[in-house]
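A structural walkthrough
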Amino acid sequence: MPTTTFANGIVITTYPVPPASFDFEKATDEERTLYGIPRLTAGSSDVQKRLQETVQNIRLVEPAFKQRDIRRKKLPGLKPGHGTETYDNWSGGVTFPASGDKIWCVNGTWNIPKASLPAGAQSGIWYTASTWIGIDGDDGSGDIVQAGCDADVMISGGDTQYQFNPWWEWWPAGSFWITNIPASAGDEFTCFIQCIPLLAGSANPNSALLLLVNVTKSFGLFFVATAPAHVSLQGNCAEWILEALETGPKGEPELAKFTTVDFTQCSAITVRDKTVLPDSGNKINMVDKSGSVISKGKFVGSNKVQVSYV
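Residues numbered from 1 in each chain as written. Predicted model: local features only at pLDDT ≥ 70, side-chain atom pairs only at ≥ 80, totals over all residues. Heavy atoms only, no water.

Brief notes about the overall build of the chain
- Looking only at helices and strands, the chain features three helices and 23 strands.
- Its C-alpha atoms give the chain a radius of gyration of 18 Å, near enough to 19 Å, the size a compact globule of 310 residues would have.
- With the C-alpha coordinates of the chain rotated into their principal frame, the extents come out at 60 × 40 × 35 Å.
- Burial statistics for the chain: of 310 residues in total, 54% are counted as buried. (Helix = DSSP H or I, 4+ residues; strand = E, 2+ residues; numbered from the N terminus. Rg over C-alpha atoms; globule rule 2.2 N^0.38 Å. Buried < 20%, exposed > 50% of the residue type's maximum accessible area, 1.4 Å probe, protein only.)

A few points about unusual backbone geometry
- Residue Pro 172 is reached from Trp 171 by a cis peptide bond, and omega for that bond is 20°.
- Relative to the helices and strands, Pro 172 resides in the loop between β12 (159-171) and β13 (175-178).
- Phi at Asp 139 is positive, roughly 55°, even though this residue is not glycine.
- Classification of Asp 139 as buried rests on a relative accessible area of 19%.
- In the Ramachandran plot, Gln 265 falls in the positive-phi region, its phi being about 50° despite a non-glycine side chain.
- Counting through the fold element by element, Gln 265 comes out in strand β19 (residues 261-270).

Overview of the pairing of β12
- Two strands pair when backbone bridges link them, and strand β11 (residues 144-156) and β12 are joined in this way by 13 bridges, in the antiparallel orientation. Along β12, the bridge assignment pairs Asp 150 with Asn 165.
- Hairpin geometry of β12 and β13 is characterised by an intervening segment of three residues between the two adjacent antiparallel strands. (Pairing = 2+ DSSP bridges.)

A word on the environment of Ile 12
- Residue position: Ile 12 is located in strand β2 (residues 11-13).
- Each C-alpha atom of the pair Ile 12 and Thr 260 lies 33 Å from the other, and the pair is 248 residues apart in sequence.
- Every residue in contact with Ile 12, bar those within four places of it in the chain, is listed here: Pro 2, Thr 3, Thr 4, Phe 6, Phe 65, Trp 168, Phe 223 and Val 224. (Contact = heavy atoms within 4.5 Å.)

What to know about the packing of aromatic side chains
- For the structure shown, the criterion picks out eight aromatic pairs.
- Pairing Phe 65 with Phe 223 gives two aromatic rings, centres 5.0 Å apart and planes at 75°, and the pair type is edge-to-face. Placement of the pair is Phe 65 in strand β4 (residues 65-68) and Phe 223 in strand β16 (residues 219-226), with a sequence separation of 158 residues.
- An angle of 85° between the planes, with centres 5.6 Å apart, marks the rings of Phe 258 and Tyr 309 as edge-to-face. Of this pair, Phe 258 sits in strand β18 (residues 257-258) while Tyr 309 sits in strand β23 (residues 305-309), placing them 51 residues apart in sequence.
- Residue Phe 258 is classed as buried on the basis of its relative accessible area of 6%.
- Among the aromatic side chains, those forming a connected cluster through ring pairs are Phe 65, Trp 168, Phe 176 and Phe 223.
- Between Arg 68 and the ring centre of Trp 167, over which it is positioned, the NZ or CZ distance is 4.2 Å. (Phe/Tyr/Trp six-rings, centres within 6.5 Å; stacked < 30°, edge-to-face > 60°. Lys NZ or Arg CZ within 6 Å of the ring centre and 35° of its normal.)

Considerations on the pattern of salt bridges
- As enumerated under the stated definition, the model contains three salt bridges in all.
- The salt bridge involving Asp 150 is made with Arg 68; its shortest N-O contact spans 3.0 Å. Here Asp 150, found in strand β11, pairs with Arg 68, found in strand β4; they are 82 residues apart in sequence, far enough to count as distant. The pair Asp 150 / Arg 68 is uniform in exposure class, with both members buried.
- Between Lys 304 and Asp 262 there is a salt bridge, with its nearest N and O atoms 3.8 Å apart. Taken as a pair, Lys 304 in the loop between β22 (293-299) and β23 and Asp 262 in strand β19 lie far apart in primary sequence, 42 residues in all.
- Assessed through its relative accessible area of 27%, Asp 262 is described here as partly exposed. (Salt bridge = Lys/Arg side-chain N within 4 Å of Asp/Glu carboxyl O.)

Some points on the side chain of Asp 136
- With respect to the helices and strands, the residue Asp 136 is situated in strand β10 (residues 130-136).
- Despite its burial, Asp 136 pairs with no opposite charge; the closest candidate is Lys 102, at 8.9 Å N-O.
- At 3.1 Å, the side chain of Asp 136 and the backbone nitrogen of Asn 236 are in polar contact.
- Excluding residues that lie within four positions of it along the chain, Asp 136 makes contacts with Ser 141, Asp 143, Ile 144, Leu 233, Gln 234, Gly 235, Asn 236, Cys 237 and Glu 239. (Lys, Arg positive; Asp, Glu negative; His and termini not counted. Polar contact = N/O pair within 3.5 Å; in protein donor to acceptor, adjacent residues only side chain to side chain.)

Shape is all these values report; function is a separate question.
Structure (structure tokens):
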């Protein structure tokens, strides 16, 4: 299958698009291998069923990638039981598996927010509201695999510009725009991230399947990514996040004003086949330099994470 190796060691494998008649349940192992669709182990049938329902009525394409310039400098590193977490560029929710267990799958659905200029916006700076889901990244993780979409706004020469860019990342390596999936404000996105090797008990769970779908435009794609060198997925947490990217002149986060984002149908699945919902974890609030909350995470019921501009 086609593979692309980037300078930072990331390897991405893409697969032919399966035919519209492809049946997840009846497909042979040979057909699954051809189209890059693994046969999951016992305890994952509900996840596979929902994934199949997601792709049944959309157009699948092979993804195309472009190196993304934004590179995060650090991860939160907070702990379960901390309560509401605060951070300078994340807001939303994070959840954790039980002791001795690990998260191998996370999924969620949300609408891309409309971004607008915040008070005091400077010319020539992109202000961002980047929405994504991921595994790892908190609780002392040294890595994170994530996918989502940026909603950016900038004023330059008196004109206001907007851009929407789907992307994925496996930190601490680089981040990549996904250049052939359309996106605009209000579009409904669904994402699944699955670390099949972790589910299978691998001692080196260093690859993940990512499925990203623009439900509104009936358009989606999936691929398998290999982690950076010497990195394995820990499976110690999962997130649903709105992020301010580090786009300021000194690399500081710059948050756009944004319409409220509701992450729905949120769940994480563990190796021991336990469903972990957001409200069993922590809310995350984004704070500015003075410590004031500027973006607030909230749990609405058990499986919905709401993020609001303050």
